[in-house]
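Report on the structure
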Amino acid sequence: MAQRRARKRSADPERSLRARFSGIVQMDEDMHYNKVEDVVGSHVEDAVTFWAQSISRNKDIMKIGCSLSEVCPHANSVFGNLDPKKIYGGLFSEDKCWYRCKVLKIISDEKCLVRYIDYGNTEILNRSDIVEIPLDLQFSSVAKKYRLWGLQIPSGQEVTQFDQGRTFLGSLIFEKEIKMRIKATYQDGTVIAQAEYGSVDIGEEVAKKGFAEKCKLTSSTNTCEEKKSDPGQLVLRNLKSPIPSWGHRSNQSAFTRPKGRLSGRMTLDLKNENDAGNHVTFPKENLAVGDFNLGSNVSLAKIKQDQKLIEENERLKTEKEVLLESYKVLESKVEQTAQELQQEKATTMDLTKHLESTLKTHVGTRMENLAAKVEILKEIRRVNISVRFGNDLSDAMQVLDEECFTTPASLPELERIWAEYSLAQENIQTCENVSEGNILIAKRNEVQQKLNMAVEVFILEVDELPLNKRLKTLQAFDLSVEESRTSEDTISSLDEILEKTESSVCKELEISLVEQGDADKEIILNTYSQVLQKIRSEERLIAAIQSKYEDSIEFKKQIIECLNKNPNVDHLLSIKKTLKNLKARLRWKLVEKNNLEESDDYDGSEIEKIKQEIAQLRNSVFQEIYREQEEYEKLNSLVQKWFPELPLLYPEIGLLKYMNSGGLLTMSLERDLLDAEPMKELSSKRPLVCSEVNGQIILLKGYSVDVDTEARVIQRAAAYHRAWRKAKEESGLLPLIFLFLCKSDPMAYLMVPYYPRANLSAVQASVPLTSEEALKVMKGVAQGLHTLHKADIIHGSLHQNNVFALNREQGIVGDFDFTKSVEPDYFPKWLHLFTFSSAVYEDFSFSTFLLTFYCLSSSFLTSSQRASVNMVIGDLSLISPELKMGKPASPSSDLYAYGCLLLWLSVQNQKFETNEDGIPKVDQFHLDHNVKSLLYSLIYCRSSMTAEQVLNAECFLVPKGKSTPNPEKDTEYTQYKEKEELKMENLDKYKEKTRNDEANSD
């Protein structure tokens, strides 16, 4: 943008503004034919039209800028009707500097379209950015509008070609010194000229590229037609001036005949001839065809098209009237149907209430009678257990004696060898010496052969045993199963259920009322106990045999592939070699691109080609990294099951590091391989950059590490990653993609997904969550805390900036600083004496100030202390009382922060009251009973509360009725979403345009 040129301030502010411009020379409007003027291009409108500034007026531009910078900040903003002929001061949005402008169009009450008259470009400004300027700045524009002589935009040109033509012309004239040979001037001031840059004829270059075409020739002269969208009067310097030399070439096919002719000879208007010198002014409608053909641009096809549009419009109006009439009829029918429906609804409601009352009394009586009978039966079962057996007890004894199972003969030997094999594997895993490891491997292989033979013998023996049949028999005689003698058939109605249950209970009661002697009862009970023990023992034996059988089958299946065969790491080494080559090529291309961009011979097409190659190489690098991770995972599985010696035998592949990081660490990824954009607004605590990997927007978090910190970061990130991997999307945690270490700097980088404007702070600042949305989101957050706590991980810094509401319904917990510990370093022990004491400070914001001041001003703060600045929402602190007292973070402190976040989402912008310990008071708010109950448990009674209990809280489990829609909220959110999507679309277009400009300009 030409406005970015350096400007100088005047040394003497006391001098009058008019005196400053005493040296500015107005452009002489009386420009003669072929007069040469040196100008600098400042703005391009299309492939043949641009704005430029005379080089002789460079100092004037500097003086104007200095004066505007002094006057405009103190000037009054415009109000009322704006004068399109008047010159104002406008605040340019890109550099926030003031420039002279004229109002072209009123867009709305608050916005206007203006043109910066000293540069030619336009912009939509708020009225507040437009001010009045003094009279001594009310002079003609420095920039002038030029049009390439002998050229016009082809009719029917596509938008893409139009933009390319504009960009191409910009690359030839923008901020370059060019010579303009004046040919003619329109009445509106547009200058027709031949433009030259050195030995290059700019018009000829534009025509060569096909972005413009030569003007249409008439049969009688060599003059050409200049087409303008807004005609007017044309001032010609010399009617006999020749067309450009390249206009006489033989390519006559590019010329077309005029679409219309004007009758009569040209009538000259000589009214202002004395003032105009050689200028001859005449209206376009009086131009003769033979002298300067400016025929009508409206073709017969265009007229027919307009006529069709008029007819179509009339047809649509008729259809609209018919549809409106139909709509009124339908509306009347809908109202009538609604009234009938309301009457039916009232009748149904009355009938339902009557049936509910009757059914409640009837079912209640039957249920009371049935419950009494069940209680009697339960007591009889407890006292007289023999009633449950009958003849089944003697049958069970007979079955147990005749077909009793014993331990297979091969099982003890199999278990002994299996234990020996497991010990051999553990010895190999802990071995750190290769020579000793080879001895252990050979011993393991021998045991493996023995185990394989023992497994075969065991499988053959078990195959001969009827295990399933025997197990079903035992289960049939399992007398400990307390089942009511009710039918398990599906019953379709409540009456049938009650009838069947009553029948079964009554039948058992009849049998139970038969009295037996005490001696008989004693014998039966002893026998029952013995039978039950035998059944349980045999069931456990069968279960153990079946389990060992399944393990043996799996072992046999896999050992066939593994016996006498070492795992091959050649594939992984091949991938690493390919990666090394790809990364070297990528780095070379990056250097080549940088050299081209910094060279004097800037070639846009060549750089664009290199950028495409770089993008392809980056994609290939990541594809190979994913293949490498897959190969690592295969080897990791082999280490866990069969070959624990792999890390010892092949230390160069870094398998142990991969395993210790839970599959998160990669040694092949490096910071300079990414096309990263710094995220300055998010980099207050650590370097953050944004990039794109395989179509996914990611954030790269940088951690400064030393030898000890590096190991801790890997260990803690691995623990977090393992916790996430068990449930993945259901874990409620932000996933970690990669962890890698920088080779040149002591930095560790963590790659995570980027969810722009999705954290709670941003969501609540734009379109706050409804109560239903908040509960959905916070249930996901509770799941995330449950996942962490179950893995013995304490988050320690849960706050509004690292909790995300994806699509306003899925809540996930963000990661935390893996370099920090959960030690109690949030505050020095004396700070709690001053913080959050409502007894000392009635205004809670003052205590918040103390907290913020301490955390920001103390240079010796730890990462946890810096994180505590985020642990405040307005006047609400998310830090639990025990942390303020210097105690370590715990699951309880995580739940306190969770409870405060839930309270904040529930009450929105209402003011908080706290007690002397800084704990918020919940009673003051009108909340759902279940939500308030959960808040009490989280904030006041945390000692017995867990994240799993939070998940099972009533407010998350009780099914909610369909909430009443809020049209205003829905409309607000929809508008916000559309606005954000439009921003992203415009950003993409801007980036694309920037890339095109870079490719086509020096």
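Residues numbered from 1 in each chain as written. Predicted model: local features only at pLDDT ≥ 70, side-chain atom pairs only at ≥ 80, totals over all residues. Heavy atoms only, no water.

**Describing the overall build of the protein**
For the protein, the count of helices and strands is 27 helices and 24 strands. Total accessible area on the protein is roughly 57100 Å²; 52% of this is exposed by carbon and sulfur atoms. (Helix = DSSP H or I, 4+ residues; strand = E, 2+ residues; numbered from the N terminus. Areas by Shrake-Rupley, 256 points an atom, 1.4 Å probe, with all protein chains shown as cover.)

**Here's the deal with the nonpolar core**
Of all hydrophobic cores here, the largest spans 79 residues; its most connected members are F818, Y898, L934, V950 and F956. Here the element with the most residues in this core is helix α23 (residues 891-907); it accounts for 11 residues. If sequence neighbours within four positions are ignored, F818 has contacts with Y703, R712, V713, R716, A717, Y720, L736 and L750. Within the second largest apolar cluster, 36 residues are counted, among which are F405, L451, I459 and F555. (Core = buried A, V, L, I, M, F, W, Y, C linked by side-chain atoms within 4.5 Å. Buried < 20%, exposed > 50% of the residue type's maximum accessible area, 1.4 Å probe, protein only. Contact = heavy atoms within 4.5 Å.)

**Here's the deal with the sheet that holds strand β17 (residues 688-693)**
With antiparallel pairing, the five strands of this open sheet are ordered in space as β16-β17-β18-β20-β19. This sheet does not close on itself; its edge strands, each paired only once, are β16 (677-678) and β19 (738-741). Strand direction decides the pairing type here: β17 and strand β18 (residues 696-704), joined by six bridges, are antiparallel. By the bridge assignment, C690 is partnered in β18 with L699. Helix-sheet contacts for helix α17 (residues 707-727) involve β18 and β19, and the interaxial angle to β19 is about 170°. (Pairing = 2+ DSSP bridges. Axes fitted to C-alpha atoms, helices over the stretch in contact; angles between N-to-C directions.)

**Structural notes on the environment of Q448**
Turning to its location among the elements, Q448 is positioned in helix α9 (residues 434-463). Distance from Q448 to W418, taken between C-alpha atoms, is 8.7 Å for residues 30 residues apart in sequence.

**Side note on the pattern of salt bridges**
Applying the stated criterion to the full structure yields 28 salt bridges. Of the charged contacts, one joins D60 and R57 as a salt bridge, the two residues approaching to 3.3 Å between their closest N and O atoms. The exposure class assigned to D60 is buried, which follows from its relative accessible area of 6%. Across the pair E456 and K556 runs a salt bridge, and its minimum N-O distance is 2.0 Å. Of this pair, E456 sits in helix α9 while K556 sits in helix α12 (residues 518-562); the two residues are 100 residues apart in sequence, bridging distant segments of the chain. The exposure class assigned to E456 is partly exposed, which follows from its relative accessible area of 34%. Shared partners join several salt bridges into a network, and the residues in it are K583, R587, E670, D672 and K743. (Salt bridge = Lys/Arg side-chain N within 4 Å of Asp/Glu carboxyl O.)

**Regarding the sheet that holds strand β7 (residues 130-131)**
Taking strand neighbours across the sheet as the criterion, the five strands line up as β6-β5-β4-β3-β7 in an open arrangement whose pairing is antiparallel. Strands with a single pairing partner mark the edges of an open sheet, and in this sheet they are β6 (122-126) and β7. Two elements, strand β3 (residues 88-91) and strand β4 (residues 98-106), share four bridges in a ladder whose sense is antiparallel. For G90, the partnering residue across the bridge sits in β4 and is Y99.

**A word on the confidence of the model for the protein**
Taken as a whole, the protein shows an average pLDDT of 76; of its residues, 70% reach a score of 70 or greater. Low confidence marks residues 218-299, where pLDDT is under 50. Its contacts with residues over four positions away, or in another chain, come to 160 contacts. Overall, residues 998-1002 carries pLDDT values under 50, and its contacts beyond four positions in sequence, including any with other chains, amount to 12 contacts. (pLDDT = per-residue confidence, 0-100.)

**Focus: the pairing of strand β22 (residues 810-813)**
Pairing geometry for strand β21 (residues 803-806) and β22, over four bridges, is antiparallel. Its bridge partner lying in β22, L806 is registered against Q810. Here β21 hands over to β22 after three residues, with N807 in that stretch at a positive phi of 55°.

**Some details on the packing of aromatic side chains**
Describing an aromatic ring pair means giving the distance of the ring centres and the angle of the ring planes. Per the stated rule, a full pass over the model turns up 18 aromatic pairs. Centre to centre, the rings of F912 and F925 are 5.8 Å apart; their planes meet at 70°, and the pair counts as edge-to-face. On the criterion of sequence distance, the pair formed by F912 in the loop between α23 and α24 (929-939) and F925 in the loop between α23 and α24 is long-range, its members being 13 residues apart. Members of the aromatic cluster, joined through ring pairs, are F92, Y99, Y116 and Y119. One cation-aromatic arrangement involves R100 over F139; the distance from NZ or CZ to the ring centre is 4.1 Å. Looking at K183, its charged tip hangs above the ring of W149, at a distance of 4.5 Å from the centre. (Phe/Tyr/Trp six-rings, centres within 6.5 Å; stacked < 30°, edge-to-face > 60°. Lys NZ or Arg CZ within 6 Å of the ring centre and 35° of its normal.)

**Description of the pairing of strand β11 (residues 191-197)**
Burial analysis of β11 places six of its seven residues in the buried class, which makes it a mostly covered element. Of the pairings in the sheet, the one linking strand β8 (residues 143-148) to β11 comprises three bridges and is parallel in character. Counterpart to R147 in the pairing with β11 is I192. Where strand β10 (residues 177-186) meets β11, six bridges bridge the pair, whose relative direction is antiparallel. Within β11, the position partnered with T185 by the bridge is V191. Where β11 and strand β12 (residues 200-201) come together, two bridges link them in antiparallel fashion. Opposite Y197, over in β12, you have V200 as the bridge partner. What sits between the antiparallel neighbours β11 and β12 is a turn of two residues, in which G198 has the positive phi angle 65°.

**A closer look at helix α8 (residues 411-430)**
With 20 residues, α8 extends 29 Å from end C-alpha to end C-alpha; this agrees with the ideal 28 Å at 1.5 Å per step. All of the buried residues in α8 are L411, L414, I417, W418, Y421, A424, Q425 and I428. Within α8, the buried residues cover an arc of 145° as seen down the axis, which keeps them to one side. (Expected span 1.5 Å × (residues − 1). Arc of directions from axis to C-beta.)

**As for a negative patch on the surface**
Residues D600, D601, D603 and E606 make up a contiguous surface patch of negative charge. Note that D600 resides in the loop between α13 (570-598) and α14 (604-641). Of the residues examined, D600 reaches a relative accessible area of 76% and is grouped as exposed. (Patch = residues over 30% accessible without salt bridge, like charges linked within 9 Å, V, L, I, M, F, W, Y side chains within 5 Å. Lys, Arg positive; Asp, Glu negative; His and termini not counted. Charge placed at Lys NZ, Arg CZ, Asp CG, Glu CD.)

**Regarding the packing of α8 against α9**
Where α8 meets α9, the closest approach of the two axes is 9 Å, and the angle between their N-to-C directions is 155°. Overall, the two elements α8 and α9 adopt an arrangement that is roughly antiparallel. Viewed along their axes, α8 and α9 form a crossing whose handedness is left-handed. Residue-level contacts link L411, L414, I417, W418, E420, Y421, A424, Q425, N427 and I428 of α8 to L440, I441, R444, V447, Q448, K450, L451, A454, V455 and F458 of α9. Among the residues making up the contact of α8 with α9, the classes are represented as 14 nonpolar, three polar and three charged. (Parallel < 35°, antiparallel > 145°, perpendicular 65-115°, else oblique. Left-handed = near helix turned anticlockwise from the far one by under 90°. Nonpolar A, V, L, I, M, F, W, Y, C, P; charged D, E, K, R; others polar.)

**Some remarks on unusual backbone geometry**
One non-glycine residue, N694, adopts positive backbone phi at about 55°. Structurally, N694 can be placed in the loop between β17 and β18. With a phi angle near 65°, R808 is a residue other than glycine that sits in the positive phi range. The residue R808 is located in the loop between β21 and β22 in this model. Exposure remark for R808: the relative accessible area of 9% places this residue in the buried category.

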